[in-house]
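Tertiary structure, described
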Amino acid sequence: MENQDFNSDFQFRLSTEFQKIDKFLKRFRVDFTHELSEIKANSQQEFKNEEVLNHQLQNYATQIWGSAESVIDKDNNYTEIRLKDEVSAMERVVNTRLQEYTISEYSERLHLKAKALLVKYFPQVFDLTGDGFRLLEKYCLLYNLEFMAYLENHKNADEKK
């Protein structure tokens, strides 16, 4: 009986923590989508399908959020050499993507706003080591490039129609 009470209590606490995380992610996504949509509204960029744009912004927010959590965990738990290796690997990935896509003024503004929102929602980034911060920057840049590539591909597909 005591074991059952422990399991019930554990399940309740676990469920409560997941609900807190879900609410946090939802607030982050809403804020992220709103802030980045404002940048789009004030830019020369045109996207015909606002629903697709909104969906992609939410995906972008989820990727950024996940990378922040991951990097904070890695920075706290990886050895220095392992963290340096991951930074090097991410640099190679980002440099490959940079050969395919250039950073426009618009993508740079999105990138800066995304990082500002990370700082707002994850003040723990101030505690990252130098390599942890570089790793987070690489992830943020990669997701920015992927977001812009998706929009460019979607825009090109719309123009062909």
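This one's a predicted model, so the numbers in the text were calculated from it and none came from an experiment.

1. Description of the nonpolar core
Residues Phe28, Phe32 and Tyr60 are the most contacted members of the largest nonpolar core, which totals 38 residues. Taken together, the elements giving at least two residues each to this core come down to α1 (2–41), α2 (50–77), α3 (80–100), α4 (105–121) and α5 (130–160). Take this core: its biggest share by element is 11 residues, from α5. Sequence-distant contacts of Phe32, that is, excluding residues within four places in its chain, are made with Leu57, Tyr60, Ala61, Ile64, Ala114 and Leu117.

2. What to know about the packing of aromatic side chains
If you walk through the whole model with that rule in mind, you get six aromatic pairs. Centre to centre, the rings of Phe28 and Tyr121 are 5.1 Å apart; their planes meet at 80 degrees, and the pair counts as edge-to-face. Pair noted here: Phe28 is in helix α1 and Tyr121 is in helix α4, with a separation of 93 residues, a long-range link. Relative accessible area serves as the criterion here: at 0%, Phe28 is assigned to the buried category. Ring centres of Phe28 and Phe122 lie 6.5 Å apart, and the angle between their planes is 75 degrees; this geometry places the pair in the edge-to-face category. Of this pair, Phe28 sits in helix α1 while Phe122 sits in the loop between α4 and α5, placing them 94 residues apart in sequence. The rings of Phe28, Phe32, Tyr60, Tyr121, Phe122 and Phe147 are connected pair by pair, giving a single aromatic cluster. Positioned above the aromatic ring of Tyr78, the side-chain terminus of Arg82 is 3.8 Å from the ring centre.

3. Details of the pattern of salt bridges
Applying the stated rule across the entire model yields eight salt bridges. Here Glu35 makes a salt bridge to Lys113, at a shortest N to O gap of 3.2 Å. Within this pair, whereas Glu35 is found in helix α1, its partner Lys113 is found in helix α4, the two being separated by 78 residues in sequence. The class of Glu35 is partly exposed, set by a relative accessible area of 21%. Between Arg134 and Asp131 there is a salt bridge, with its nearest N and O atoms 2.8 Å apart. Here Arg134 and its partner Asp131 are both found in helix α5, three residues apart, which amounts to about one turn of the helix. Arg134 gets classed as partly exposed once you look at its relative accessible area, which sits at 41%.

4. Here we look at α3
Here α3 spans 31 Å end to end across 21 residues, near enough to the 30 Å set by a 1.5 Å rise per residue. Taken as a whole, α3 has its buried residues at Leu83, Glu86, Val87, Met90 and Val94. The buried residues of α3 occupy an angular sector of 100 degrees when projected down its axis, which confines them to one face. Those residues of α3 that are exposed and angled more than 90 degrees off the buried face are Ile81, Arg92 and Gln99.

Definitions and cut-offs
- Residues numbered from 1 in each chain as written.
- Predicted model: local features only at pLDDT ≥ 70, side-chain atom pairs only at ≥ 80, totals over all residues.
- Heavy atoms only, no water.
- Core = buried A, V, L, I, M, F, W, Y, C linked by side-chain atoms within 4.5 Å.
- Buried < 20%, exposed > 50% of the residue type's maximum accessible area, 1.4 Å probe, protein only.
- Helix = DSSP H or I, 4+ residues; strand = E, 2+ residues; numbered from the N terminus.
- Contact = heavy atoms within 4.5 Å.
- Phe/Tyr/Trp six-rings, centres within 6.5 Å; stacked < 30°, edge-to-face > 60°.
- Lys NZ or Arg CZ within 6 Å of the ring centre and 35° of its normal.
- Salt bridge = Lys/Arg side-chain N within 4 Å of Asp/Glu carboxyl O.
- Expected span 1.5 Å × (residues − 1).
- Arc of directions from axis to C-beta.

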